Amino acid sequence: MSTVPKPDEGAAIRVALICFHSCPVGRLGDTKTGGMNVYVRQLARELASIGCQVDVFTRTHDPDEPRIVPVGDGARVVHLEAGPADSTLDDLHSYTSAFADAVIRFQQDEGVEYDLIHSHYWLSGVVATRLAGRWNIPHIATFHTLARTKQRARAGEQESVRRAHAEQQIISSADSVVVSTQIEKDDITKLYQVNGTPIEVIPPGVDTAMFQPADTRASRQHLGLPEKRTILYVGRIEPLKGLDILLKAVALLNDRTGTRLLIVGGSLEKDAEIDRLKTLADDLDISDIVDFTGSISQQQLPAYYNAADVFVLPSWYESFGLVALEAMSCGTPVVVSRVGGLTSFIEHGKTGYLVPWRCPDAFARSLETLLENPALRQAMGGAARNRAKGMSWAAMANRILACYNHLTD
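The sections below set out a description of the structure shown in this document. (Residues numbered from 1 in each chain as written. Predicted model: local features only at pLDDT ≥ 70, side-chain atom pairs only at ≥ 80, totals over all residues. Heavy atoms only, no water.)

## A word on the sheet that holds strand β11 (residues 290-294)
The strands making up a sheet are joined through hydrogen bonds of the backbone, oriented either antiparallel or parallel.
Argument step 1. Spatial strand order, β11-β10-β9-β12-β13-β14: six strands in an open sheet with parallel pairing. Only two strands of the sheet have a single neighbouring strand rather than two, namely β11 and β14 (352-355). Recorded for the sheet is a direction-independent mean angle of 20 degrees between the axes of neighbouring strands.
Argument step 2. Alignment of strand β13 (residues 334-337) against β14, held across four bridges, turns out to be parallel. Each bridged residue has a counterpart across the sheet, and for Val335 the counterpart in β14 is Tyr353.
Argument step 3. Its contacts with the sheet place helix α11 (residues 322-329) against β9 (229-234), β12 (310-313) and β13, and it is angled at close to 170 degrees to β12. (Pairing = 2+ DSSP bridges. Helix = DSSP H or I, 4+ residues; strand = E, 2+ residues; numbered from the N terminus. Axes fitted to C-alpha atoms, helices over the stretch in contact; angles between N-to-C directions. Contact = heavy atoms within 4.5 Å.)

See the structure below:
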């Protein structure tokens, strides 16, 4: 147990969020940056807004980034060194102990004590398990993705035995696990043989003020896009996202010359998967209508969603699929795979289409239906916006805080 003084009675709960491998204030769509980063950043902000003191601990990823970045009144992201900044995801497990030690040094230097620790992703869970033991405080784990679920979702998906074993240990030792959907809860129960660890289902939210409908033509002009039918993908660039399916679907569309596909995410400098997809676009003779933008800031995203006629997420696996909810909040209908968390908030035929088969023909048919029917797009977009307005970050944070209070009372 730490020897630093305990907070005064009645003081706000102090929470340590661990997001070891990926920075919550990093650029969206980078190799390690996606919906989890948005989730952690918004959770920190909302918890702070209801009286918590929140420190989010992450690895230093950019030497020019300040060590401490405020993300709200009472919330801050703390960058700590643990291994080279350019370490690959496969190498990061080697630095979890060094990172835990860095967090402890920071805590001692600050003279604070945390009431609870909440980890995000399995590597963070490894760190948090050590810290929770050192500080003798409760540990809540959120995984965002699970090794065994990913392996089941797509043939050939590679995940280390170490990761699955670590997830098993984290689930067993955690005081509680928070998941986004009932499907994720069922996966943990079945695939990891959970015995006794409470699992709470708390869906993420969306910032409906930031992600709101705007004029399509004005959004395209703002981004310098041509006035064409626009299909949008946003997210990490990796095989599990099914972008080869999307490219093949676009190649099947009737009016390819009047269509533009925007793929937002990844690195345009060194990204083997983007290179593979560009080669595929060349082979399909659609490279002239496909734009890879690379990663962008969160603030730029609403313009892209509003510039699009339809948003597509052809993933093999999504624990939730936050980008689809953001698109819906902007009034953009979605065409997504019928997988994981996407089925928990998308209503087939009303807010978009859930495609049950990961094949180009099925996606092409849904895209064609929306692209050729402006009235249908408008009706689905309106329904999508209404659905999104019922899901807020504030509601999520209040439910998570209730979990915290239950464990710290």
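The discussion continues.
## Re the pattern of salt bridges
Note on pairing: side chains with opposite charge can pair once their charged atoms come close.
Argument step 1. Applying the stated criterion across every chain yields a total of 16 salt bridges.
Argument step 2. Here Lys241 and Glu318 are joined by a salt bridge, their closest N and O atoms 2.6 Å apart. Here the residue Lys241 occupies a position in the loop between β9 and α8 (243-251), and Glu318 occupies one in the loop between β12 and α11, the gap between them amounting to 77 residues. Exposure class is identical for Lys241 and Glu318. Each is buried.
Argument step 3. Connected via shared salt-bridge partners are Arg217, Arg220, Glu227, Asp309 and Arg377. (Salt bridge = Lys/Arg side-chain N within 4 Å of Asp/Glu carboxyl O. Buried < 20%, exposed > 50% of the residue type's maximum accessible area, 1.4 Å probe, protein only.)

None of the figures reported here should be taken as evidence of function without further support.
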